[in-house]
Amino acid sequence: MAEVKILMKGYAKEIEGEEFASSTITLIQDNNLNIIVDPGMNRKGLLDSLAKEGLKSEDINFIIVTHTHLDHSLLAGIFGNAKILDNNNVYSFDGKITEHDSIVPNTEIQIIKTPGHDQFHCSVLINTKNRGKVIIAGDVFWWTDDEEQKLDRQSLLEHKDPYVKDEKVLRKSREKILKIADYIIPGHGEGFKLNK
Ligand SMILES: [Zn+2]
């Protein structure tokens, strides 16, 4: 069964009037494959956290980007042996683009379309032993560092996203995730269990 580990908690903060952001970086290990969801834009943080797992950038087989905002996707290019997946396609470093079947090849990890924050946003669904159905939700759910994470259903559905592309569509995606997930890993902020 797949194992999910948060390598680095995503942040979004202002320090002395300057903005800092990098997405939550998650490692999934399944069927001898190393998969990273959202490599973020903190290069040192990413490489240090991989080293702690005994991994080098060459050991990564797949990168999934939940969407192409650079705070989530900037470092996708540093994994020489990886293929990159987004909501619809698989990209290789020779320029080849193919469509995927909403599944990470040779795994049971699902890629589900969750537009709203961004038109082409996707989330990742993994069945785990410890936490049940985990969804890595990218920016379907995210908080700045100084915001309180209110986790009741209503607050989760209505939380304001200042960068939202389409509010109605985002709400649908949030409903979809809340229906499926036992545990949610947000784009920025703490992972949390859903009370069902
Ligand atoms: Zn983000």
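The structure we're discussing is the one just above.
The sections below set out a description of the structure shown in this document. This one's a predicted model, so the numbers in the text were calculated from it and none came from an experiment.

Conventions used here
- Residues numbered from 1 in each chain as written.
- Predicted model: local features only at pLDDT ≥ 70, side-chain atom pairs only at ≥ 80, totals over all residues.
- Heavy atoms only, no water.
- Donors = N, O, S within 2.8 Å, 3.2 Å for Na, K, Ca; no water.
- Tetrahedral: all angles 85-135°; square planar, octahedral: opposite > 155°, others 65-115°.
- Phe/Tyr/Trp six-rings, centres within 6.5 Å; stacked < 30°, edge-to-face > 60°.
- Helix = DSSP H or I, 4+ residues; strand = E, 2+ residues; numbered from the N terminus.
- Buried < 20%, exposed > 50% of the residue type's maximum accessible area, 1.4 Å probe, protein only.
- Lys NZ or Arg CZ within 6 Å of the ring centre and 35° of its normal.
- Core = buried A, V, L, I, M, F, W, Y, C linked by side-chain atoms within 4.5 Å.
- Contact = heavy atoms within 4.5 Å.
- Pairing = 2+ DSSP bridges.
- Axes fitted to C-alpha atoms, helices over the stretch in contact; angles between N-to-C directions.
- 1 Å grid on protein atoms, 1.4 Å probe; cavity = no way out; pocket = protein on both sides within 12 Å on 5 of 7 lines; lining within 4 Å.
- Points joined across faces, edges and corners; volume = space filled by probe spheres on them.
- Nonpolar A, V, L, I, M, F, W, Y, C, P; charged D, E, K, R; others polar.

In this section: the coordination of the zinc ion. Taken together, the protein ligands of the zinc ion are Asp 71 (OD), His 72 (NE2), Asp 139 (OD) and His 188 (NE2), with distances of 2.1 to 2.4 Å. Around the zinc ion, the four donor atoms sit at angles spanning 83 to 155°, and that spread fits a shape best called irregular.

So, about the packing of aromatic side chains. According to the stated counting rule, one finds three aromatic pairs in the structure shown. With 6.5 Å between their ring centres and 85° between their planes, Phe 141 and Phe 192 make a pair best called edge-to-face. Remark: Phe 192 occurs in strand β14 (residues 192-193) and Phe 141 occurs in the loop between β12 (132-138) and α3 (153-158); sequence separation between them is 51 residues. Arranged with centres 5.8 Å apart and planes meeting at 80°, the rings of Trp 143 and Phe 192 form a pair that is edge-to-face. With Trp 143 in the loop between β12 and α3 and Phe 192 in strand β14, the pair connects residues that are 49 residues apart, well separated along the chain. The same class applies to Trp 143 as to Phe 192, namely buried. Members of the aromatic cluster, each reached through a chain of ring pairs, are Phe 141, Trp 143 and Phe 192. One cation-aromatic arrangement involves Lys 13 over Tyr 11; the distance from NZ or CZ to the ring centre is 4.6 Å.

The next subject is the nonpolar core. Core analysis: the biggest nonpolar cluster contains 20 residues, and Ile 28, Ile 35, Val 104, Val 124 and Ile 126 have the highest contact counts within it. Mapped onto this core, the elements with two or more residues apiece are β5 (33-37), β6 (62-64), β11 (122-128), β12 and β13 (183-186). In this structure, Val 124 is in contact with Ile 28, Val 37, Ile 64, Ile 109, Gln 110, Val 134, Ile 135 and Ile 136, ignoring residues within four places of it in sequence. By size, the runner-up hydrophobic cluster in this structure holds 17 residues, among which are Val 65, Leu 75, Phe 79 and Ala 82.

Turning our attention to the sheet that holds strand β4 (residues 25-30). Reading across from one edge, β1-β4-β5-β6-β7-β8-β9 is the order of the seven strands in this open sheet, with mixed pairing throughout. Of all the strands in the sheet, just β1 (3-8) and β9 (97-99) have a single pairing partner and so form its edges. Ignoring strand direction, the axes of neighbouring strands in this sheet form an average angle of 25°. Two strands pair when backbone bridges link them, and β5 and β6 are joined in this way by three bridges, in the parallel orientation.

All right, on to empty space enclosed by the protein then. This model, assessed by the stated rule, comprises one cavity of 30 Å³ or more. If you add up the space inside the largest cavity, you get close to 30 Å³. As for the largest cavity, its lining consists of Ser 23, Thr 24, Thr 26, Asp 38, His 72, Ile 136, Gly 138, Ile 185, Pro 186 and Gly 187. Sorting the residues of the lining of the largest cavity by element identifies β12 and β13 as the ones contributing at least two each. Taken together, the residues of the lining of the largest cavity sort by class into three nonpolar, six polar and one charged.

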